[in-house]
Structure formats: C-alpha cells, structure tokens
Number of protein chains: 2
Amino acid sequence: MASQHDDNCIFCKIINGDIPCHKIYEDDRVLAFIDIGPISKGHTLIIPKYHAAEIVDVPEEYAAACGMAIPKIAKAVQGATGCPAYNILQNNGQLAGQAVFHVHFHIIPRYSAETGLNYKWIPGQLDETDAVEMKAAIANNLK
Amino acid sequence: MASQHDDNCIFCKIINGDIPCHKIYEDDRVLAFIDIGPISKGHTLIIPKYHAAEIVDVPEEYAAACGMAIPKIAKAVQGATGCPAYNILQNNGQLAGQAVFHVHFHIIPRYSAETGLNYKWIPGQLDETDAVEMKAAIANNLK
C-alpha cells in the first residue's frame, strides 16, 4: 500500500500520535477525530492516512476508504447529536478556504439556519453550447 | 450488488437515461455530469447509482465508489478549467441546503473570492469536557 508522510504536517503528527486528538475512528487508511475549531457541535474530521494537500493527489485506495468512512462516521455523529441535517465539505486550495494542507473531510451538523455551514448558493443556468464544450474538455482530461 | 431506485427521483431518471445529462463519467456504481444550475464554471456532480436521500444510507460499495470518483473527476475538472481551487460539498437535509433528495457530491471550482462556494466560517473553540463527552457519544454510536 502506497504511503506518504510529511514531518511538518500537523495532521501527519496526529496520525503518528505525536499530537493528541479526540479520536473517534481509525483503520489502516483513515482517521476520524473531533475538530478543535468546531463551527457547530459535533463537527468532525475524516482524514486519509496519506499526506496529500489536495484530494486530486489521494491514491484510489485511500480515497475509497474516505468514501466508506463518511456514511459510517456521519451516522454516528447524527446519532450522538440528533442533528436534523449536516454538510460534508472538503476544501482544496487556500482560495477555497483550506487551512490545513492535508486532505480532510468535514462533517458539519446543522441545527438551524444560523448554525453550521452558512453558505450562499447563487445558481447560474447552464448554457447548452458551453455545456457541450465543458463536457468535452473535462472528458478529455479524464484520460 | 445491492441496488435501489426511485421512479420519482430526477437523478434516478438521469441514471436510467430517461432524462438527458451532460455525462462526464460512468461506471457500475457512479455517474458524473455537469450541474445544470452551476454556481461556477465547470460545476460538476457525482452521484451513486443507488437511490438514497442522505449519505448515511449509501451502502459501503457505493460510498467507496463515490470516494474513488472524487479525485478522478476533480482532477479532470481542474485540468479542463484551470481552476486554482475547488470545494467538494455534499448536503444532507433541506436545512443543510439539499435540494435534490438523491445523494450528490458537488465539485465546485473557485476562481476568485467572489466565485463558487461562498461560505462563512466562524470557528468555535473546543471545550475539553465537551470534547470528551462528544467523543464518547459518537464512538458509542459507531456500533
């Protein structure tokens, strides 16, 4: 199994046990713990045990493990907090709000319109010509 | 492989081909296509081919498939758009901003502070006693 570690990364230090955390779950590929800067009660993080700043650089086996951990941990957070709703958020790049440069999925309970992840959603309307071009461009980049 | 379908669900209709989409990627377990109400250029959705309103109800094999699809599709979106940053968002419950009640992961490119997912992040400070209680409560709910 591929593995990657960064001695200067705070999340790698947590994985190694050099910095403590309120651990909720751990297996060979992921670790889940309570966020120390919660934006709502029960705010939890899931991280791959592989150092990559962005999700695009996470190998398949760790990405799959994160995927499997999300429902499991979210269900436990839901059970513990009774939250009526919750967001899963994973930020890539400083401009997207990323603060720790080791991939992490936030599980953020939402109890009311004022708590948790408060975002503006201003949808556009997809232009048909743009869509066809964008589809081709993304598909080309899949190879 | 477990499978679940809802005849009244717009995303199930897209999976079945009854409603068209700008398809980017498809395998046995996931489908990716361009969002018709994009909040930024290249806004893309990944959905499991299994009808569940919330991520907590997605079976492991589909959750793993979504996890594996995220880096793959995000990399292609990044390649096609040149976006310097991007957010992955998955909303559960109306209160969390969910509008279509079939699990979907948004890949939302961010080009500037004004584009894409615009959210407020107001972190609290984790209280040690609360954290110990919360950790125990979540861990208990993992079983």
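This structure is a prediction, so every number in the text was calculated from the model and none was measured.

## Observations concerning the overall build of chain A
Secondary structure assignment for chain A yields three helices and six strands. Ordering the α and β elements of chain A from the N terminus gives α-β-β-β-α-β-β-β-α. The principal-axis extents of the C-alpha atoms in chain A amount to approximately 50 × 40 × 25 Å. When the 143 residues of chain A are sorted by exposure, 52% land in the buried category. Contacts spanning at least 24 positions in sequence make up 55% of the contacts within chain A whose residues lie at least 6 apart. By element, 49% of the accessible surface of chain A is carried by carbon and sulfur atoms, the whole surface being about 6,300 Å². Across chain A, 11 positive and 16 negative side-chain charges occur, with their mean positions spaced 8 Å apart.

## As for the nonpolar core
Core analysis: the biggest nonpolar cluster contains 58 residues, and Ile 46, Ile 55 and Phe 105 of chain A together with Ile 46, Ile 55 and Phe 105 of chain B have the highest contact counts within it. If we ignore the near neighbours within four places in the chain, the residues touching Ile 46 of chain A are Val 30, Leu 31, Ala 32, Ala 69, Ile 70, Ile 73, Val 103, His 104, Phe 105 and Ile 107 of chain A.

## Let's talk about the interface of chain B and chain A
With 75 residues of chain B at the interface, the matching set in chain A holds 75 residues. Note on chain B versus chain A: buried area summed over both sides is about 6,100 Å², and carbon and sulfur give 68% of it. Counting every contact that joins chain B to chain A gives 24 residue pairs in polar contact (both at pLDDT 80 or more). Looking at the side of chain B that touches chain A, the elements that each hand over two or more residues are strand S1 (23–26), helix H2 (60–81), strand S4 (85–92), strand S5 (105–110), strand S6 (118–120) and helix H3 (128–141) of chain B. For the side of chain B that touches chain A, the element with the highest residue contribution is H2 of chain B, accounting for 17 residues. Within the side of chain B that touches chain A, the residues separate by chemical class into 42 nonpolar, 21 polar and twelve charged. Sheet topology places strand S6 (residues 118–120) of chain A next to S6 of chain B; three bridges connect them, and they run antiparallel. Across the sheet, residue Tyr 119 of chain A finds its bridge partner in S6 of chain B, namely Tyr 119 of chain B.

## Describing the packing of helix H2 (residues 60–81) of chain A against H2 of chain B
Two quantities define a packed helix pair, namely the angle between the axes and the distance from one axis to the other. Closest axis-to-axis distance for the H2 of chain A/H2 of chain B pair is 7 Å, and the angle between their directions is 130°. Judged by the angle between their axes, H2 of chain A and H2 of chain B are oblique. Crossing geometry of H2 of chain A relative to H2 of chain B is assigned as right-handed. Taken together, the residues of H2 of chain B that come into contact with H2 of chain A (itself represented by Glu 60, Ala 63, Ala 64, Gly 67, Met 68, Pro 71 and Lys 72 of chain A) are Glu 60, Ala 63, Ala 64, Gly 67, Met 68, Pro 71 and Lys 72 of chain B. Looking at the contact of H2 of chain A with H2 of chain B residue by residue, the classes come out as eight nonpolar, two polar and four charged.

## Notes on the relation of the copies chain B and chain A
Note on the copies: chain B fits chain A at an RMSD of 0.0 Å, the axial shift is 0.0 Å, and the rotation between them is 180°. What the rotation and shift describe, once combined, is the action of a two-fold rotation axis. A shared interface surface links the copies, since 100% of the contact residues of chain B are contact residues in chain A too.

## A few points about the packing of aromatic side chains
All names here are of chain A. Under the defined criterion, the tally for this structure stands at six aromatic pairs over all chains. Geometrically, the ring pair formed by Tyr 50 and Tyr 62 is tilted, given 5.2 Å between the ring centres and 45° between the ring planes. Pair noted here: Tyr 50 is in the loop between strand S3 (44–48) and H2 and Tyr 62 is in helix H2, with a separation of twelve residues, a long-range link. There is no split in this pair, since Tyr 50 and Tyr 62 are both buried.

Calculation rules
- Residues numbered from 1 in each chain as written.
- Chains lettered and ligands numbered in written order.
- Predicted model: local features only at pLDDT ≥ 70, side-chain atom pairs only at ≥ 80, totals over all residues.
- Heavy atoms only, no water.
- Helix = DSSP H or I, 4+ residues; strand = E, 2+ residues; numbered from the N terminus.
- Buried < 20%, exposed > 50% of the residue type's maximum accessible area, 1.4 Å probe, protein only.
- Contact = heavy atoms within 4.5 Å.
- Areas by Shrake-Rupley, 256 points an atom, 1.4 Å probe, with all protein chains shown as cover.
- Lys, Arg positive; Asp, Glu negative; His and termini not counted.
- Charge placed at Lys NZ, Arg CZ, Asp CG, Glu CD.
- Core = buried A, V, L, I, M, F, W, Y, C linked by side-chain atoms within 4.5 Å.
- Buried area = accessible area lost by both parts, 1.4 Å probe.
- Polar contact = N/O pair within 3.5 Å; in protein donor to acceptor, adjacent residues only side chain to side chain.
- Nonpolar A, V, L, I, M, F, W, Y, C, P; charged D, E, K, R; others polar.
- Pairing = 2+ DSSP bridges.
- Axes fitted to C-alpha atoms, helices over the stretch in contact; angles between N-to-C directions.
- Parallel < 35°, antiparallel > 145°, perpendicular 65-115°, else oblique.
- Left-handed = near helix turned anticlockwise from the far one by under 90°.
- Least-squares fit on C-alpha atoms with pLDDT ≥ 70 in both.
- Phe/Tyr/Trp six-rings, centres within 6.5 Å; stacked < 30°, edge-to-face > 60°.

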